[in-house]
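Structure assessment
This is what each chain is made of:
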Amino acid sequence: MQATSSKALPQQVPPRAASAGAASSQPVVPPVRRRAFAPLEPIGARARVLLGLGFFVVFVLVWAIATLGGFVSPTFLASPPTMVKEGWLLFTEYGFIGDIGMTVWRVFGGFLLAAVFAVPLGIAMGTWKTVEAFFEPFVSFCRYLPASAFIPLLILWAGLGEMQKLLVIFIGSFFQIVLMVAVTVGGARRDLVEAAYTLGANSRGIVARVLIPGAAPGIAETLRLVLGWAWTYVIVAELIGSSSGIGHMITDSQALLNTGQIIFGIIVIGVIGLLSDFAFKALNRRLFAWAAL
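Bringing unusual backbone geometry into the picture now. At leucine 257, a residue that is not glycine, the phi angle is positive and equals roughly 55°. With respect to the helices and strands, leucine 257 occurs in the loop between helix H10 (246-255) and helix H11 (259-287).

Another point: a nonpolar patch on the surface. There is a patch of nonpolar side chains on the surface, built from Ile267, Val271, Leu274, Leu275 and Phe278 and spanning about 450 Å² of accessible area. Relative to the assigned elements, isoleucine 267 resides in helix H11.

Here we take up the nonpolar core. Grouped together as the largest cluster of nonpolar side chains are 58 residues, with contacts concentrated most on Phe96, Phe174, Ile177, Ile219 and Leu223. Among the elements that take part in this core, helix H9 (residues 203-239) stands out by supplying 15 residues, more than any other. Excluding residues that lie within four positions of it along the chain, isoleucine 177 makes contacts with Phe111, Ala114, Ala115, Ala118, Val119, Thr222, Leu223 and Val226.

Further remarks concern the packing of aromatic side chains. Across all of its chains, the model carries 10 aromatic pairs by this definition. Both rings, one in phenylalanine 55 and one in phenylalanine 56, keep their centres 6.5 Å apart while their planes meet at 80°; by these two values the pair is edge-to-face. Each member of the pair, phenylalanine 55 as well as phenylalanine 56, carries the same accessibility label: exposed. Residues phenylalanine 117 and phenylalanine 170 carry aromatic rings whose centres are separated by 6.4 Å and whose planes lie at 80° to one another, so their mutual orientation is edge-to-face. Of this pair, phenylalanine 117 sits in helix H4 (residues 96-127) while phenylalanine 170 sits in helix H7 (residues 162-186), placing them 53 residues apart in sequence. Phenylalanine 170 sits in the buried class, given a relative accessible area of 19%. Aromatic rings pair up to connect Phe117, Phe138, Phe170, Phe174 and Phe175 into one cluster.

Analysis parameters
Residues numbered from 1 in each chain as written. Predicted model: local features only at pLDDT ≥ 70, side-chain atom pairs only at ≥ 80, totals over all residues. Heavy atoms only, no water. Helix = DSSP H or I, 4+ residues; strand = E, 2+ residues; numbered from the N terminus. Patch = residues over 30% accessible without salt bridge, like charges linked within 9 Å, V, L, I, M, F, W, Y side chains within 5 Å. Areas by Shrake-Rupley, 256 points an atom, 1.4 Å probe, with all protein chains shown as cover. Salt bridge = Lys/Arg side-chain N within 4 Å of Asp/Glu carboxyl O. Core = buried A, V, L, I, M, F, W, Y, C linked by side-chain atoms within 4.5 Å. Buried < 20%, exposed > 50% of the residue type's maximum accessible area, 1.4 Å probe, protein only. Contact = heavy atoms within 4.5 Å. Phe/Tyr/Trp six-rings, centres within 6.5 Å; stacked < 30°, edge-to-face > 60°.

So this is what it looks like as structure tokens:
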């Protein structure tokens, strides 16, 4: 029999153990810590909500200290408890819920009327440069005219009824929507348009399948922004020649030096506007979820 060699054979390392050893030899990269105040650094949804609510809390505290502490006369600024008391009286004794309903109807009525006419014109201006050259100077000129300046003429033309108030909101919203929609549609990507032509699309197909779908999220965002402006126009319309609405209530409260009711009416406008803004955002995310990809 041959003698067994005294030299030991090299021990084979299992593949899994080798890979584990290689992995352990690599340097461990520590996780990147987020900096709270770094530029463009995102924050979580919970932190965003808490910070937003925190500002309102600080605002109310400063308001309460200024009024309840005697630093500001109640004639010029009511305290938070007084404002809440006056708001309760508005709902229970003065039918304020009807004023809120009339104001909401006027805002959305005038805004929808403006959107129905402004969105198609804006799409046409953004699509065809000849249409843009024809309409843009006049639309840009009217965009700088305050809607309140038309109230005397609108009273002569439409009287003191609801049509006059709807037209104030229409004038204040229409020209803004037209130009913003035209800019959104006109900013379409040229490579998508050229690709559609290459695939055999005609001019109508370019508008219906490229320009409008691509600009739809931007158009929806434009409508959301202009809806906020419409709330400012309705108060101007209700301050003159109106017998109902939040603006009418504010005018009556001013005559009585009731700053509590004035502040409550302003807060109600802000709350309704904020709720409508949140609803518009949620609807846009649902309809155009692909735009965030």
